[in-house]
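A closer look at the structure
So you can see what is in the structure, the chains are spelled out below.
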Amino acid sequence: MAAKDYYGVLGVPRDADDAALKRAYRNLARAYHPDRNPGDKKAEDRFKEIGEAYGVLSDPEKRAQYDRFGTVGGGGDPGFGTIFEDLFEGFFGGGDRGRSRSRARRGDDLRYDLEISLEEAALGLETKLQVPRLETCDTCRGSGVEPGSQPETCATCRGQGQVRFSQGFLTVARPCPNCRGEGRIIRNPCASCRGQGRLSRERLLKVTIPAGVEDGNQLRLSGEGESGLLGGSPGDLYVVLHVKPHEIFVRDGAHLICELPLTFPQAALGDEVEVPVLDGVAKLKIPAGTQPGQRLVLRGKGMPHLRGRGRGDAVYEVVVEVPTRLSARQRELLEELRGANDGDSSPRVSKFLERMKQLFGS
Ligand SMILES: [Zn+2]
Ligand SMILES: [Zn+2]
């Protein structure tokens, strides 16, 4: 490891005291800070060198060792990381950049609850929402200061927004009580926004709801929340979707389920019936011998898949209605049917009776 001239790096004499070291370090570090020299590799190297030099010279033990041997033992990390960071906390607090950065605040996210029908969820929807939100004041462009006047720098914190206490190398910062951390005091607040920098506005926003959304889905409209404060970025708007229950269909993912009542002859003999689908009616074939609870399906007549292609199914759950009030003619026909029943036409009934005979011998 080549000996480095740490005093030369910081531009201080060999007998410089701690205050002089710190001053030199701060000035140089500020000048070569990567934030101020973006993309400049030389400045970056210099910046590291300065940090290394200060890390050694600011430590009495390491400085003594360096003074004697011209190097610091170990050759690895000179261990200045923590000091380095401590010093850098709020380093640019006095500059405009640091101040506006610390005061700027992101706008809040907003939530908008939107109720839609199942049909709208199936087709997708383009709609407009009336959203009340805080927006940057045009008059003062968000500064909160009446145009033509200037905010005063807070005398207590000298505009830093923070008051600091030094404890050795550690610096403890607290928000300034006089300006509440703003760093400035507005004597002439903007009349439009009363110095708030933002105003309440109703904004009409266009939203596109994709086909296939489900109850509880959220859409995020990036940057459509509240405006930020003092240059802060805006929040987002979350549109929370509520799909109203449908009169006929119950949704199961991409499938739509519907009860289908059939008469006994329809179920027994088969039929073709009209059934509801989302956009009207469709024909559904009832096979002969359809059982209660059986599910008949129209493929692709359900909801579209939100991500991916195609649609789910429309599913019809068969309910066979047993007639309650019979005319004399109906009764006669049913009696006749009972007489004509044999084991082949009602296998489950026959099996049940068979089992009863086996168990109880009746
Ligand atoms: Zn204003
Ligand atoms: Zn202050």
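Before going into details, it helps to say that this report is about the structure given with it. Quick caveat: nothing in here was measured; it's all calculated off a predicted structure.

Conventions we followed
- Residues numbered from 1 in each chain as written.
- Chains lettered and ligands numbered in written order.
- Predicted model: local features only at pLDDT ≥ 70, side-chain atom pairs only at ≥ 80, totals over all residues.
- Heavy atoms only, no water.
- Donors = N, O, S within 2.8 Å, 3.2 Å for Na, K, Ca; no water.
- Pairing = 2+ DSSP bridges.
- Helix = DSSP H or I, 4+ residues; strand = E, 2+ residues; numbered from the N terminus.
- Axes fitted to C-alpha atoms, helices over the stretch in contact; angles between N-to-C directions.
- Patch = residues over 30% accessible without salt bridge, like charges linked within 9 Å, V, L, I, M, F, W, Y side chains within 5 Å.
- Areas by Shrake-Rupley, 256 points an atom, 1.4 Å probe, with all protein chains shown as cover.
- Salt bridge = Lys/Arg side-chain N within 4 Å of Asp/Glu carboxyl O.
- Buried < 20%, exposed > 50% of the residue type's maximum accessible area, 1.4 Å probe, protein only.
- Parallel < 35°, antiparallel > 145°, perpendicular 65-115°, else oblique.
- Left-handed = near helix turned anticlockwise from the far one by under 90°.
- Contact = heavy atoms within 4.5 Å.
- Polar contact = N/O pair within 3.5 Å; in protein donor to acceptor, adjacent residues only side chain to side chain.
- Core = buried A, V, L, I, M, F, W, Y, C linked by side-chain atoms within 4.5 Å.
- Phe/Tyr/Trp six-rings, centres within 6.5 Å; stacked < 30°, edge-to-face > 60°.

What about the coordination of the zinc ion (ligand 1)?
The protein atoms that coordinate the zinc ion (ligand 1) are Cys-137 (SG), Cys-140 (SG), Cys-190 (SG) and Cys-193 (SG), at distances spanning 2.3 Å. Positions of the donor residues of the zinc ion (ligand 1) along the chain correspond to the pattern C-x2-C-x49-C-x2-C.

Overview of the sheet that holds strand S8 (residues 218-221)
Read from one edge of the open sheet, 3 strands run S1-S9-S8, paired in mixed fashion. Edge positions in the sheet fall to strand S1 (110-116) and S8, since each has one partner strand and no second. Sheet twist, expressed as the average angle between the axes of neighbouring strands with direction ignored, equals 25°. Where S8 meets strand S9 (residues 237-243), 4 bridges bridge the pair, whose relative direction is antiparallel.

A look at a nonpolar patch on the surface
Taken together, the side chains of Val-349, Phe-352, Leu-353, Met-356, Leu-359 and Phe-360 make up a nonpolar region of the molecular surface, amounting to roughly 640 Å² of accessible area. Residue placement: Leu-359 occurs in helix H10 (residues 347-360).

Section: the pairing of S9
Within S9, 5 of the 7 residues are buried, leaving the element largely enclosed by the surrounding structure. With 7 bridges joining them, S1 and S9 adopt parallel strand pairing. Looking at the pairing, Ile-116 lines up with Val-243 of S9.

So, the packing of helix H2 (residues 18-32) against helix H3 (residues 41-57)
Running from N to C, H2 and H3 cross one another at 165°; their axes reach a closest spacing of 9 Å. One finds that H2 runs roughly antiparallel with respect to H3. The element H2 and its partner H3 pack so that their crossing is left-handed. Within the contact between the two elements, H2 uses Leu-21, Lys-22, Tyr-25, Leu-28, Ala-29 and Tyr-32 and H3 uses Ala-43, Arg-46, Phe-47, Ile-50, Gly-51, Tyr-54 and Leu-57.

Focus on the side chain of Ser-227
Looking at where Ser-227 falls in the secondary structure, it is placed in the loop between S8 and S9. Of note is the side chain of Ser-227, whose polar atom sits 3.1 Å from the backbone nitrogen of Thr-136. Those residues in contact with Ser-227, other than ones at most four positions away along the chain, are Gly-107, Leu-134, Glu-135, Thr-136, Arg-198 and Pro-234.

Let's talk about the sheet that holds strand S11 (residues 255-263)
Paired through their backbone hydrogen bonds, the strands of a sheet run either parallel or antiparallel. Strand order in the open sheet formed by 4 strands is S10-S11-S15-S14, with mixed pairing between adjacent strands. The strands lining the two open edges of the sheet, one partner per strand, are strand S10 (250-252) and strand S14 (295-298). The mean angle between the axes of side-by-side strands here comes to 35°, regardless of whether they run parallel or antiparallel. Of the strand pairs in this sheet, S11 and strand S15 (residues 314-321) are connected by 8 bridges, and their pairing is parallel. Paired with Glu-259 across the bridge in S15 is Glu-317.

Describing the nonpolar core
Formed by 39 residues in total, the largest nonpolar core has its most connected members in Ile-209, Val-239, Leu-260, Leu-284, Leu-298 and Tyr-316. Beyond its immediate stretch of four places on either side in the chain, Leu-260 contacts Val-275, Leu-284, Ile-286, Leu-296, Tyr-316, Glu-317, Val-318 and Val-319. Counting 19 residues, the second largest nonpolar core, distinct from the first, contains Tyr-7, Leu-10, Leu-28 and Tyr-54.

A closer look at the pattern of salt bridges
Enumeration over the complete set of coordinates arrives at 19 salt bridges. Asp-313 is paired through a salt bridge with Arg-299; the nearest N and O atoms lie 2.7 Å apart. Linking Asp-313 in the loop between S14 and S15 with Arg-299 in the loop between S14 and S15, this pair joins segments that are 14 residues apart in sequence. Overall, Asp-313 belongs to the buried group, its relative accessible area being 12%. Note on Arg-299: relative accessible area 66%, which makes it exposed.

Observations regarding unusual backbone geometry
Phi is positive for Arg-141, close to 55°, though the residue is something other than glycine. Tracing the backbone shows Arg-141 in the loop between strand S2 (125-136) and strand S3 (152-153). If you check the backbone angles, Arg-180 has positive phi at about 55° while not being a glycine. Relative to the helices and strands, Arg-180 is located in the loop between strand S5 (170-175) and strand S6 (184-185).

Section: the packing of aromatic side chains
Across all of its chains, the model carries 3 aromatic pairs by this definition. Both rings, one in Tyr-6 and one in Tyr-66, keep their centres 4.8 Å apart while their planes meet at 35°; by these two values the pair is tilted. Residue Tyr-6 is located in helix H1 (residues 6-10), and its partner Tyr-66 is located in helix H4 (residues 60-69); the two are separated by 60 residues in the primary sequence. For the residue pair Tyr-6 and Tyr-66, the accessibility class agrees, reading buried in each case. Accessibility expressed as a relative area gives 4% for Tyr-66, which makes it buried. One aromatic cluster is present, formed by Tyr-6, Tyr-7 and Tyr-66 through successive ring pairs.

Some thoughts on the environment of Cys-176
Along the chain, Cys-176 turns up in the loop between S5 and S6. Note on Cys-176: relative accessible area 1%, which makes it buried. Along the backbone, Cys-176 and Gly-161 are 15 residues apart, and their C-alpha atoms lie at a distance of 5.2 Å.

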